[in-house]
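Tertiary structure, described
Below are the chains, spelled out letter by letter.
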Amino acid sequence: MIFSHGKLLLTSEYVVLDGALALALPTKWGQEFFVSENPDGKSLVHWTALHQGKPWLKLTMNYRTGTILNTNIPGSAEFILKVLMKVKALSDSQLKSDTSYSIKTDLQFPANFGLGSSSTLMNNLAQWAAVDAFRLNESCLGGSGYDIAVAQEKSAILYQNQPERIIQKIDFDPVFKKDLIFIHLNQKQNSREGINLYRSREKSAELIEEFSQITRQVLEAKSLENFSELMVLHENKLSDFLGIETVKEKHFENCPSFVKSLGAWGGDFVMSSKFLGFEDYFRGKGFSTVFAYEDLIY
């Protein structure tokens, strides 16, 4: 069995694409990957994808001809076919003969959580086929690659992808972590839309360095108050650049704590800190999925 952790991006969302230093954390949940081989001479892949242990996608494909023979979800099957054919092109060992494979994946978190359903799959496939996970991910999905790095390192990391990729494992263990919470916004955000908006804005080296500096300051924060101020600064700076309101302005204007977007703005998870009656507050706003730091972060 191969396993990859999911991820949350704490700092430098969007600007990580242009080389800003980013802080990312692994989640306890991830994706499992099981494979068995059958030397039957048929060159088939029998793929079964589970979501939290429940069957979701089934497909059978011929990897020699690159065709789907049967499936219950054609759109998702086409994506798996595309990825497996890319694996075949990159790998020196897998999908090269007439052996058939039975592959089972199990995503441990709801698919709309945005914790890395695709990146964990890419990393699992890359490990199995002994190929470069960053290259596989770039050819199939794009993005900065920080999510692949988290899956590989199984640790909190500092990540920078320009001018060359730098990955530094760190021990992110703030004394105030028990005060931090994560709230799900009940929807999966399409990161492509946010990336396109970000791409349309003119960036400067100064802007990138400002976010890198915030990341460095976050690592040095010794108190919840200092950390909260940095989260507010980060939100406001990115809001000004993107020209869109912060998640706090949109949903939680009267919240007594900071609210920080994690990853693509508009969906997935946000981070905040505990305050008197915080669970009732977020539930009253329509957001009942709230996790303590230690329940979500690996």
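What comes next is a walk through the structure.

About the criteria used
Residues numbered from 1 in each chain as written. Predicted model: local features only at pLDDT ≥ 70, side-chain atom pairs only at ≥ 80, totals over all residues. Heavy atoms only, no water. Core = buried A, V, L, I, M, F, W, Y, C linked by side-chain atoms within 4.5 Å. Buried < 20%, exposed > 50% of the residue type's maximum accessible area, 1.4 Å probe, protein only. Helix = DSSP H or I, 4+ residues; strand = E, 2+ residues; numbered from the N terminus. Contact = heavy atoms within 4.5 Å. Patch = residues over 30% accessible without salt bridge, like charges linked within 9 Å, V, L, I, M, F, W, Y side chains within 5 Å. Areas by Shrake-Rupley, 256 points an atom, 1.4 Å probe, with all protein chains shown as cover. Salt bridge = Lys/Arg side-chain N within 4 Å of Asp/Glu carboxyl O. Lys, Arg positive; Asp, Glu negative; His and termini not counted. Charge placed at Lys NZ, Arg CZ, Asp CG, Glu CD. Pairing = 2+ DSSP bridges. Polar contact = N/O pair within 3.5 Å; in protein donor to acceptor, adjacent residues only side chain to side chain. Expected span 1.5 Å × (residues − 1). Arc of directions from axis to C-beta. Phe/Tyr/Trp six-rings, centres within 6.5 Å; stacked < 30°, edge-to-face > 60°. Lys NZ or Arg CZ within 6 Å of the ring centre and 35° of its normal.

Some points on the nonpolar core
- In this structure, Phe172, Phe182, Phe227, Phe269 and Met271 are the most contacted members of the largest nonpolar core, which totals 44 residues.
- Every element with two or more residues in this core is listed here: strand E2 (22-38), strand E7 (156-160), strand E9 (180-184), helix H5 (191-199), helix H6 (205-220), helix H7 (224-242), strand E11 (269-273) and helix H10 (293-296).
- Broken down by element, this core gets its largest block of residues, six residues, from H7.
- Setting aside residues no more than four positions away along its own chain, Phe227 makes contact with Phe172, Phe176, Leu180, Val218, Ala221, Phe258 and Met271.
- One finds Ala24, Leu121, Val131 and Val150 within the second-largest nonpolar core, a separate group that totals 39 residues.

Observations regarding a negative patch on the surface
- Together, Asp240, Glu245, Glu249 and Glu253 line one region of the surface with negative charge.
- With respect to the helices, strands and loops of the structure, Glu245 is situated in the loop between H7 and helix H8 (247-251).

Focus: the pattern of salt bridges
- Under the definition given, this model contains five salt bridges.
- In this structure, Arg216 engages Glu209 in a salt bridge whose closest nitrogen and oxygen atoms are separated by 2.9 Å.
- The class for Arg216 is partly exposed, based on a relative accessible area of 32%.
- By relative accessible area, which is 38% here, Glu209 ends up partly exposed.

A look at the side chain of Glu32
- Secondary-structure assignment places Glu32 in strand E2.
- The side chain of Glu32 is buried and forms no salt bridge, while Lys104, the nearest opposite charge, is found at 7.3 Å.
- For Glu32, the contacting residues outside a window of four places in its chain are Met1, Ile2, Phe3, Lys104, Thr105, Asp106, Gln108 and Asn124.

Remarks on the pairing of strand E5 (residues 67-71)
- Sheet topology note: the strand E4 (residues 54-62)/E5 ladder contains four bridges and is antiparallel. The residue bridging Met61 from the neighbouring strand is Ile68, located in E5.
- Taking the residues between adjacent antiparallel strands as the criterion, E4 and E5 are bridged by four residues, where Gly66 takes a positive phi near 70°.

Let's talk about the side chain of Lys7
- Mapped onto the secondary structure, Lys7 falls in strand E1 (residues 2-9).
- Despite being buried, Lys7 has no salt bridge partner; Asp147 is the closest side chain of opposite charge, sitting 5.1 Å away.
- Looking at Lys7, its side chain comes within polar contact range of the main-chain oxygen of Gly114, at 3.1 Å.
- Among all residues touching Lys7, those that are not within four sequence positions of it are Leu25, Pro26, Thr27, Gly114, Leu115, Gly116, Ser119, Tyr146, Asp147 and Val150.

As for the environment of Ser204
- Assignment of secondary structure puts Ser204 in the loop between H5 and H6.
- A residue is classified by how much of its surface remains accessible, and Ser204, at 31% relative accessible area, is partly exposed.
- A sequence separation of 193 residues divides Ser204 from Thr11, and the C-alpha atoms of the two residues are 18 Å apart.
- Here the side chain of Ser204 touches Leu207 through a polar contact of 3.0 Å, landing on its backbone nitrogen.

Focus on the sheet that holds E9
- Sheet architecture is open: four strands sit in the order E10-E11-E9-E12, paired in antiparallel fashion. Each end of this open sheet is capped by a strand with a single partner; those strands are strand E10 (260-261) and strand E12 (290-292).

Topic: H6
- Relative to the 22 Å expected for 16 residues at 1.5 Å per residue, H6 spans 23 Å between its end C-alpha atoms, a close match to the ideal helical length.
- Inspection of H6 places Leu207, Ile208, Phe211, Ser212, Ile214, Thr215 and Val218 among the buried residues, and these make up the whole buried set. One face of H6 carries all of its buried residues, which in axial projection span an arc of 150°. Those residues of H6 that are exposed and aimed more than 90 degrees away from the buried face are Ala205, Glu206 and Glu220.

Points about the packing of aromatic side chains
- This structure, assessed with the given rule, holds 20 aromatic pairs.
- The interplanar angle of 45° and the centroid separation of 6.0 Å between the aromatic rings of Phe33 and Trp128 together place this pair among those described as tilted. Pair noted here: Phe33 is in strand E2 and Trp128 is in helix H2 (residues 117-129), with a separation of 95 residues, a long-range link.
- Ring plane angle 45° and centroid distance 5.0 Å describe the contact between Phe176 and Phe227, whose orientation is recorded as tilted. Taken together, the positions of Phe176 in the loop between strand E8 (166-170) and E9 and Phe227 in helix H7 put the pair 51 residues apart, joining distant regions of the chain. The same class applies to Phe176 and to Phe227, which are both buried.
- Every member of this aromatic cluster is reached through a ring pair, and the members are Phe252, Phe275, Phe278, Tyr281, Phe282 and Phe287.
- Directly above the ring of Phe34 sits Lys104, whose terminal nitrogen or CZ lies 5.0 Å from the centroid.
- Seen from the ring of Tyr198, Lys203 lies directly overhead, with NZ or CZ sitting 4.2 Å from the centre.

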